[in-house]
Amino acid sequence: MKQREFKKINAPVSEIGLGTWQLGTKWGEAFNPDEALKILETAAENKINFIDTADIYNDGNSEKAIGQFMKNVPTDFFVSTKCGRGLNPHAAQMYTPEAVENFANHSLKRLQVERLDMLLLHCPPTSVYKKDEIFTKLDKMQQAGKIRSYGVSVEKVSEALTAAEYPITAVEIIFNMFRLKPKEIFSTLQEKNIGVIARVPLASGLLTGKYTKDTTFSKADHRSYNRHGEAFDKGETFSGVDYDLGLKAVKELKKLFQTDNLIPYALKWILMHEAVTTVIPGASKNSQVISNVAAAAIPDLTPSQMAGVEKIYNHYLKSQVHENW
């Protein structure tokens, strides 16, 4: 497993990390702590050391499972957690310095650590990225040793640029073969030594190549109930791409890479961009961790393959997603 670095804090992390939104659970099902520990164990065995989580994932159980694992098993895990989505209502005025510190305190307890490696604002309303008092509080928490670094998880490229005016360490953003717009800001982030965490790399599973028109999802799965943004930002589900249109693009990607299994190619495509520090595919079982890690071993994509992905994006998807996020 190769490593890349969060340059502002000289922190090397695995280029393939682990996203834990569905850690120990399939979408909509009950949390399984034993399965969560198996996933974390497999990640550690495969030299994954970057773990992405959030205080609301599985009602705090993702953080708890990670904390329990680190307590029982010596690891070099770098854990990035997110805060803010638990605010009710989730509105800009609810983002106060006191609220952010309170979230951090609870994450410290669940993770059983004395310092958070990284704390990200979790896709707050756009105006929050301009609230000086929030970033001042994060600065003070960093200086006090409560957090090692901080940054933002965003929906939009414009939000990333706004946040980049502050001394953040990283931007977490949806970046995959269905969402190319973030490339437009990579040079700016690199100039500022801001790392990039590529989230939703497989477009909610569409970019695995496993789904068909006949695939069904449970009612509790966001891929059923949030296709049009009914519950939260539409872009979180299939990267905002219409499902049937996405299947057409996937068919072309399979032809391009001459395979039905797109997972290693989808992840490798992201890693072909040097601005990306780490990519965070999720896993609901440990075999998916092994499948994700396979991307690190395949050869670099060729110029014609890279150009082919862009051609497919431009033809099928750009008009639908490019200006929205």
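Look up a bit, the structure's there.
Conventions used here
Residues numbered from 1 in each chain as written. Predicted model: local features only at pLDDT ≥ 70, side-chain atom pairs only at ≥ 80, totals over all residues. Heavy atoms only, no water. Pairing = 2+ DSSP bridges. Helix = DSSP H or I, 4+ residues; strand = E, 2+ residues; numbered from the N terminus. Buried < 20%, exposed > 50% of the residue type's maximum accessible area, 1.4 Å probe, protein only. Right-handed = clockwise from strand over helix to strand, strands pointing away. Disulfide = S-S within 2.5 Å. Salt bridge = Lys/Arg side-chain N within 4 Å of Asp/Glu carboxyl O. Expected span 1.5 Å × (residues − 1). Arc of directions from axis to C-beta. Contact = heavy atoms within 4.5 Å. Polar contact = N/O pair within 3.5 Å; in protein donor to acceptor, adjacent residues only side chain to side chain. Phe/Tyr/Trp six-rings, centres within 6.5 Å; stacked < 30°, edge-to-face > 60°.

**Concerning the sheet that holds strand β6 (residues 118-122)**
Strand pairing in a sheet relies on backbone hydrogen bonds, with the paired strands running either antiparallel or parallel.
Turning to step 1, where the next piece is worked out: The parallel open sheet is built from eight strands, whose spatial order is β3-β4-β5-β6-β7-β8-β9-β10. The sheet terminates laterally at β3 (18-19) and β10 (276-279), the two strands that pair on one side only.
Turning to step 2, where the next piece is worked out: One ladder, built from three bridges, connects strand β7 (residues 150-153) with strand β8 (residues 170-174); its direction is parallel. Bridge assignment links serine 153 to a residue of β8, and that residue is glutamate 172.

**Quick notes on the pairing of strand β5 (residues 78-83)**
Turning to step 1, where the next piece is worked out: The element β5 is largely enclosed, with a buried count of six among its six residues.
Turning to step 2, where the next piece is worked out: Side chains Phe78, Ser80 and Lys82 of β5 all project onto a buried face; the interleaved residues Val79, Thr81 and Cys83 project onto the opposite face, where all are buried too.
Turning to step 3, where the next piece is worked out: Pairing of strand β4 (residues 50-52) with β5, which is carried by three bridges, proceeds in the parallel orientation. Counterpart to aspartate 52 in the pairing with β5 is serine 80.
Turning to step 4, where the next piece is worked out: For the crossover from β4 across helix α2 (residues 61-72) to β5, the handedness is right-handed.
Turning to step 5, where the next piece is worked out: Where β5 lies against β6, four bridges are found, and the strand directions are parallel. The residue of β6 that forms the bridge with cysteine 83 is leucine 121.

**What to know about the state of the cysteines**
Formally, a disulfide is one covalent bond, and it connects the sulfur atom of one cysteine to the sulfur atom of another.
Turning to step 1, where the next piece is worked out: Summed over the entire model, instances satisfying the criterion amount to zero disulfides.
Turning to step 2, where the next piece is worked out: Of all cysteine sulfurs, the one in cysteine 123 lies closest to cysteine 83, which takes part in no disulfide; the gap is 11 Å.

**Focus: unusual backbone geometry**
Turning to step 1, where the next piece is worked out: Cis geometry marks the peptide bond from asparagine 88 to proline 89; its omega dihedral reads 5°.
Turning to step 2, where the next piece is worked out: Structurally, proline 89 is set in the loop between β5 and α3 (97-111).
Turning to step 3, where the next piece is worked out: Positive phi values are uncommon outside glycine, yet asparagine 58 reaches one of about 50°.
Turning to step 4, where the next piece is worked out: Exposure remark for asparagine 58: the relative accessible area of 17% places this residue in the buried category.
Turning to step 5, where the next piece is worked out: Despite not being glycine, alanine 203 shows a phi value in the positive range, around 50°.
Turning to step 6, where the next piece is worked out: Examined against the element boundaries, alanine 203 turns out to sit in the loop between β9 (195-199) and α7 (222-225).
Turning to step 7, where the next piece is worked out: A relative accessible area of 0% places alanine 203 in the buried class.

**Digging into the pattern of salt bridges**
Turning to step 1, where the next piece is worked out: Scanning the model with the defined rule gives 13 salt bridges in all.
Turning to step 2, where the next piece is worked out: Across the salt bridge formed by glutamate 63 and arginine 110, the nearest N and O atoms sit 2.5 Å from each other. Of the two residues, glutamate 63 is situated in helix α2 and arginine 110 in helix α3; the sequence distance between them amounts to 47 residues. Comparing glutamate 63 with arginine 110 shows no difference in burial state: the two are buried.
Turning to step 3, where the next piece is worked out: In this structure, the salt-bridge partner of lysine 181 is glutamate 323, at a minimum N-O distance of 3.9 Å. Of this pair, lysine 181 sits in the loop between β8 and α6 (186-191) while glutamate 323 sits in the segment after α11 (303-321), placing them 142 residues apart in sequence.
Turning to step 4, where the next piece is worked out: Owing to a relative accessible area of 64%, glutamate 323 belongs among the exposed residues under this scheme.
Turning to step 5, where the next piece is worked out: Taken together, the shared-partner salt bridges in this structure form one network comprising Asp52, Lys82 and Glu172.

**Let's talk about helix α4 (residues 132-143)**
Turning to step 1, where the next piece is worked out: With twelve residues, α4 should reach 16 Å at 1.5 Å per residue; the first-to-last C-alpha distance of 16 Å fits that figure.
Turning to step 2, where the next piece is worked out: Of all the residues in α4, the buried ones are Ile134, Phe135, Lys137, Leu138 and Met141. In a view along the axis of α4, the buried residues occupy a sector of 155°, so they form one face of it. Those residues of α4 that are exposed and angled more than 90 degrees off the buried face are Lys140 and Gln143.
Turning to step 3, where the next piece is worked out: On its buried face, α4 is in contact with α3, β6 and β7.
Turning to step 4, where the next piece is worked out: A positive backbone phi angle near 85° is found at glycine 145, which sits one or two residues after α4.

**Digging into the side chain of histidine 322**
Turning to step 1, where the next piece is worked out: Locating histidine 322 in the fold gives a position in the segment after α11.
Turning to step 2, where the next piece is worked out: Note on histidine 322: relative accessible area 7%, which makes it buried.
Turning to step 3, where the next piece is worked out: Here the side chain of histidine 322 touches glutamate 184 through a polar contact of 2.8 Å, side chain to side chain.
Turning to step 4, where the next piece is worked out: If near-sequence neighbours (up to four positions away) are discounted, histidine 322 is found in contact with Leu180, Lys181, Glu184 and Tyr313.

**Describing the packing of aromatic side chains**
Turning to step 1, where the next piece is worked out: Inspection of every chain in the model, using the stated rule, returns 15 aromatic pairs.
Turning to step 2, where the next piece is worked out: Judged by centre distance (6.2 Å) and plane angle (15°), the rings of tryptophan 21 and tyrosine 57 are stacked. Highlighted residues: tryptophan 21 in the loop between β3 and α1 (33-45) and tyrosine 57 in the loop between β4 and α2, separated in sequence by 36 residues.
Turning to step 3, where the next piece is worked out: For tryptophan 21, a relative accessible area of 32% gives the class partly exposed.

Everything listed here is a matter of geometry and, on its own, says nothing about what the molecule does.
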